[in-house]
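So the chains spell out like this:
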Amino acid sequence: MPVTGTRQAVPTVVTDDEFRKFCDFIYRRTGMSYGQAKRYFIDHRLLERVAQTESSSVQSYLALLRFDTTGRELETIVNALTVNETYFWREEHQFACLTRSILPDIVRRKRRGERVRVWSLPCSTGEEPYSIAVWLLEHWPDVDHWDIEILASDIDTRVLAAAREGVYDARSVQRLPKQVLGRYFQSLPDDRWRILDTLRGSIEFTRVNVADRNEMAAFRDIDVIFCRNMLIYFDDVSRREAAESMFACLRPGGYVCLGHSESMSRISSLFDVRRYEDAIVYQRPFT
Amino acid sequence: MTEDNVTPLRPGPAKRLLVIDDAALIRAYYRQTLEPMGFVVEEAFNGLEALEKALMAPFDLAIVDVNMPKMDGLSFVRKLRTTEEIACLPVLMTSTRDRDSDIAAARAAGVNLYLVKPVGEDDLRLFTSIMTGAEIP
Amino acid sequence: MPLVKPPAHQTGTVPPHPDRASVIAAIDSCDPAVRRAAAWAARVYADGVDIISHGLAVEKDPAVAEAMILNLVAIGGPKAAAVLAPLLRSQDATRRFAAAEALRDIGPDALPFFDVLIRDRDPQVRIMAAEVARGQLGGAAAQTLERLLSDEEHINVACAFIDVLAEIGSVETADVLRGYAARLPGSAYVRFTVDAALARLPKE
Ligand SMILES: C[S@@+](CC[C@H](N)C(=O)[O-])C[C@H]1O[C@@H](n2cnc3c(N)ncnc32)[C@H](O)[C@@H]1O
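All values derive from a computational prediction rather than experimental measurement. (Residues numbered from 1 in each chain as written. Chains lettered and ligands numbered in written order. Predicted model: local features only at pLDDT ≥ 70, side-chain atom pairs only at ≥ 80, totals over all residues. Heavy atoms only, no water.)

### Remarks on the overall build of chain A
Line of reasoning, step 1. Helices and strands together make up the secondary structure of chain A, namely twelve helices and ten strands.
Line of reasoning, step 2. Relative to the globule expectation of 19 Å for 287 residues, the C-alpha radius of gyration of chain A, 21 Å, shows essentially globular dimensions.
Line of reasoning, step 3. By principal-axis analysis of the C-alpha atoms, chain A measures approximately 70 × 50 × 30 Å.
Line of reasoning, step 4. Counting over 287 residues, chain A shows a buried share of 56%. (Helix = DSSP H or I, 4+ residues; strand = E, 2+ residues; numbered from the N terminus. Rg over C-alpha atoms; globule rule 2.2 N^0.38 Å. Buried < 20%, exposed > 50% of the residue type's maximum accessible area, 1.4 Å probe, protein only.)

Here you go:
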């Protein structure tokens, strides 16, 4: 029974044990792995949710999280924990590699009428999949000969909503050439930019947890996966699992592109390394 | 470690070595032994990482362990020999295994020289110099 | 516009989980993709370890074996560790290391197997067992390595122990390493390895 006038003290510390339990829970659900180095960040986010859910203690919040069958609290806390940093034309040399080397190799093996399927996983607020779309339209001479599907997924439902919205600030678009900005974006007040509706409408955004094998099983016959700057937040075991899941999502001969500080060589031997003019990428073998 | 008796290489562009071993201490041993002679040493943790590095920049010699995770030394050499851009890279293999059959398997894979671990400093310097065409200390 | 949206049914539809009988059948399939999927599906069943170990024993495809080992780790426990332990003797280096890595990731349940394998007669097996000690087995594994190091006859095995101890050892490890180096004063290789390990160990 709530008593008016008296407010329960809001918990302000997370014990070592609570920290461990919480990290372990998040790790098992998402693959994201945090050490003591991230303690301050985690404690802060955790206490914020404890206060917002009006839990009487960290313990009781953890219980709420564990027994919430709707999954809504998990979603909220995961949204709070993810690092969503991204921008247009990030590591554009990989997009150059896509149009100059990867796609020509892929379509050589395709019949007319078959689709080219590219998956941005994780897509965060959409800069990556929209960059891919714009890059293809700008730089792939064959673009009109093929039907191209661009899929985009992330675990964080907040960033997916933002991605569907497609509105970006100046920082996010600063690497885009002026003409490209003019051609594919509509200028909004306060130096913000909205991606054109035709592009917005052509990309399918879905919530996917890479660490969930069942959710990943819904994606098959992909030609190229961009998996950039996510595995750095995982530990060894979940990186291996993610690599294995992606392998199963790809067509034989399909490619994975990782972020610049990431390498498959310490994760998995499933893929062949390929050196192209613009980038090092990983290919699912044919047999 | 005394370094005064180390003969520097003859002048010219520094020879580049790719040292491939999963044990950090062994990579450090190679580095410490060979860097004072003027070699440039890059490290890789297993065969896959080595392939990546070899594809990104040219090397004069790979010094490869056999027993490594994800891609072992023999698989690395086989892959190397069938990868066009890097097929000619000379390989010195080091191994804890000393049976004739191990050595034959290494030769068949395309290894140029096989040494049984532990490789002493003098041998390491000598064979690295010979295989890179550097002046022999 | 050449960009097309995929039909909704192609993304986000989660296929139903196969039942136990079809998983058991699938682990013997001649299609590697089917075997790989079976390895993943097996993890939810109580006898998942048995199903996977049955497949792993005859598995030739490295990609499928990798999936099987991954799922043994996910199931965890002493039974999974018992399936992995003999693989340290595999002739295939990738498989041996995958097993060592998996035992390491299984954690404390792997400790009894580690204790036996680290004393194996075959030096190559002792080298692989040392790999298991990297990571989360904790102080017990480090102490075992320290104790065995003083009697280790094989220099390559000793150096493998030292490489692992440099990573997981404690302040007390330093004396053990110095003791080993003192036994082989003539070897520059040992001296170097020990010095480099000492530099990596925690001080105080
Ligand atoms: C730094 S962003 C990278 C965005 C983009 N790929 C790039 O490189 O610019 C990392 C994203 O990974 C997502 N993420 C983290 N764990 C995930 C998981 N288990 N499944 C799917 N997405 C995940 C986060 O929500 C976040 O949006």
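### Looking at the interface of chain B and chain C
Line of reasoning, step 1. Taken together, the contact between chain B and chain C spans 21 residues of the former and 22 residues of the latter.
Line of reasoning, step 2. For the chain B and chain C pair, buried surface summed over both sides reaches about 2000 Å², with 57% attributable to carbon and sulfur atoms.
Line of reasoning, step 3. Inspection of the region where chain B meets chain C yields one salt bridge.
Line of reasoning, step 4. One salt bridge in this structure joins Lys70(B) and Glu101(C), with 3.1 Å as the shortest N-O distance.
Line of reasoning, step 5. Viewed at the interface, chain C and chain B are joined by six residue pairs in polar contact (both at pLDDT 80 or more).
Line of reasoning, step 6. Broken down by element, the side of chain B that touches chain C gets its largest block of residues, six residues, from helix H1 (residues 24-34) of chain B.
Line of reasoning, step 7. Residue composition of the side of chain B that touches chain C, by class: twelve nonpolar, three polar and six charged. (Contact = heavy atoms within 4.5 Å. Buried area = accessible area lost by both parts, 1.4 Å probe. Salt bridge = Lys/Arg side-chain N within 4 Å of Asp/Glu carboxyl O. Polar contact = N/O pair within 3.5 Å; in protein donor to acceptor, adjacent residues only side chain to side chain. Nonpolar A, V, L, I, M, F, W, Y, C, P; charged D, E, K, R; others polar.)

### Here we look at the site of the ligand
All names here are of chain A.
Line of reasoning, step 1. Neighbouring the ligand are 21 residues; Thr86, Arg90, Pro122, Asp154 and Asn229 lie closest to it.
Line of reasoning, step 2. Thr86 is positioned such that a nitrogen or oxygen atom in its side chain is 2.6 Å from an oxygen atom of the ligand.
Line of reasoning, step 3. Asn209 has a polar side-chain atom sitting 2.9 Å from a nitrogen atom of the ligand.
Line of reasoning, step 4. For the ligand, whose free accessible area comes to 610 Å², the fraction covered by protein is 99%.
Line of reasoning, step 5. Along the lines of polarity and charge, the residues of the shell around the ligand split into eight nonpolar, seven polar and six charged. (Near = heavy atom within 4 Å. Areas by Shrake-Rupley, 256 points an atom, 1.4 Å probe, with all protein chains shown as cover.)

### Digging into the side chain of Asn229(A)
Residue and element names in this part refer to chain A.
Line of reasoning, step 1. Tracing the sequence through the fold places Asn229 in the loop between strand S7 (222-227) and helix H12 (236-249).
Line of reasoning, step 2. Accessibility expressed as a relative area gives 13% for Asn229, which makes it buried.
Line of reasoning, step 3. Those residues in contact with Asn229 that sit more than four places away from it in its chain are Arg90, Glu91, Gly259 and Glu262.

### What to know about unusual backbone geometry
Line of reasoning, step 1. Note the cis peptide between Leu121(A) and Pro122(A), where omega equals 5°.
Line of reasoning, step 2. Cis peptide bonds are those with omega within 30 degrees of zero, and the linkage from Lys117(B) to Pro118(B) qualifies with -5°.
Line of reasoning, step 3. Tracing the backbone through its elements, the reader meets Pro118(B) in the loop between strand S5 (113-116) and helix H5 (121-132).
Line of reasoning, step 4. Positive phi outside glycine occurs at Trp89(A), with the angle close to 65°.
Line of reasoning, step 5. In this structure, Trp89(A) sits in the loop between helix H4 (72-81) and helix H5 (92-108).

### Topic: the sheet that holds S5(B)
Residues and elements named next belong to chain B.
Line of reasoning, step 1. With parallel pairing, five strands are arranged side by side in an open sheet as S2-S1-S3-S4-S5. If you trace the sheet from one side to the other, it starts and ends with strand S2 (40-44) and S5, each paired once. Each adjacent strand pair in this sheet contributes to an overall mean axis angle of 20°, direction not counted.
Line of reasoning, step 2. Relative to strand S3 (residues 61-65), strand S1 (residues 16-20) runs parallel, the two sharing four bridges. Residue pairing in the sheet places Leu18 in a bridge with Ala62 of S3.
Line of reasoning, step 3. Along the sheet, H5 contacts S1, S3, strand S4 (91-95) and S5; its crossing angle with S3, the most-contacted strand, is approximately 135°. (Pairing = 2+ DSSP bridges. Axes fitted to C-alpha atoms, helices over the stretch in contact; angles between N-to-C directions.)

### Comments concerning the interface of chain A and chain C
Line of reasoning, step 1. On the chain C side, the residues contacting the 37 residues of chain A number 26 residues.
Line of reasoning, step 2. When chain A packs against chain C, the two sides together hide about 2700 Å² of surface, and 58% of this comes from carbon and sulfur.
Line of reasoning, step 3. On the surface where chain A and chain C come into contact, there are five salt bridges.
Line of reasoning, step 4. Between Arg104(C) and Asp236(A) there is a salt bridge whose closest N-O contact spans 3.7 Å.
Line of reasoning, step 5. In this structure, the connection of chain A to chain C is made through eight residue pairs in polar contact (both at pLDDT 80 or more).
Line of reasoning, step 6. Those elements that place two or more of their residues in the side of chain A that touches chain C are strand S1 (115-120), helix H6 (127-139), strand S2 (147-154), helix H10 (197-202), strand S6 (203-207), helix H11 (213-216) and H12 of chain A.

### Side note on empty space enclosed by the protein
All names here are of chain C.
Line of reasoning, step 1. A full pass over the atoms with the stated rule returns three cavities of 30 Å³ or more.
Line of reasoning, step 2. Size it by volume and the largest cavity reaches roughly 230 Å³.
Line of reasoning, step 3. When residues of the lining of the largest cavity are assigned to their parent elements, the largest contribution, five residues, is made by helix H10 (residues 155-168).
Line of reasoning, step 4. If you add up the space inside the second largest cavity, you get close to 50 Å³.
Line of reasoning, step 5. Among the residues forming the lining of the second largest cavity, the class breakdown is five nonpolar, two polar and one charged. (1 Å grid on protein atoms, 1.4 Å probe; cavity = no way out; pocket = protein on both sides within 12 Å on 5 of 7 lines; lining within 4 Å. Points joined across faces, edges and corners; volume = space filled by probe spheres on them.)

### Let's talk about helix H2 (residues 47-56) of chain B
Line of reasoning, step 1. H2(B) sits mainly inside the fold: eight of its ten residues count as buried.
Line of reasoning, step 2. Contacts from the buried residues of H2(B) go to strand S9 (272-275) and strand S10 (280-283) of chain A together with S1, S2 and helix H3 (73-81) of chain B.
Line of reasoning, step 3. In this structure Asn46(B) caps H2(B), since a side-chain oxygen of it lies 3.1 Å from the backbone nitrogen of Leu48(B).

### As for helix H8 (residues 123-133) of chain C
Residues and elements named next belong to chain C.
Line of reasoning, step 1. Counting buried positions along H8 yields eleven of eleven residues, so the element is predominantly enclosed.
Line of reasoning, step 2. Among the residues making up H8, those that are buried are Pro123, Gln124, Val125, Arg126, Ile127, Met128, Ala129, Ala130, Glu131, Val132 and Ala133.
Line of reasoning, step 3. On the buried face of H8, the contacting elements are helix H6 (93-106), helix H7 (111-117), helix H9 (139-149) and H10.
Line of reasoning, step 4. You can read the cap of H8 off the contacts: a side-chain oxygen lies 2.8 Å from the backbone nitrogen of Gln124, and it is on Asp122.
Line of reasoning, step 5. Phi for Gly135, located one or two positions after H8, is positive at around 95°.

### What about the sheet that holds strand S5 (residues 192-195) of chain A?
All names here are of chain A.
Line of reasoning, step 1. Taken together, the three strands give an open sheet; going across it, the order is S3-S5-S4, and neighbouring strands pair in antiparallel fashion. Looking along the sheet, the strands with just one partner apiece sit at the ends: strand S3 (167-168) and strand S4 (185-188).
Line of reasoning, step 2. Note that S3 and S5 share two bridges and pair antiparallel. Of the residues in S5, the one forming a bridge with Val167 is Arg194.

### Some details on the pattern of salt bridges
Line of reasoning, step 1. Taken as a whole and assessed by the stated rule, the structure comprises 50 salt bridges over all chains.
Line of reasoning, step 2. Residue Glu149(A) pairs with Arg117(A) through a salt bridge whose shortest N-O separation is 2.6 Å. In this pair, Glu149(A) is assigned in strand S2 and Arg117(A) in strand S1, connecting sequence segments 32 residues apart.
Line of reasoning, step 3. Residue class for Arg117(A) comes out buried when judged on its relative accessible area of 6%.
Line of reasoning, step 4. Here Arg125(B) and Glu121(B) are joined by a salt bridge, their closest N and O atoms 4.0 Å apart. Pair noted here: Arg125(B) and Glu121(B) are both in helix H5, with a separation of four residues, about one helical turn.

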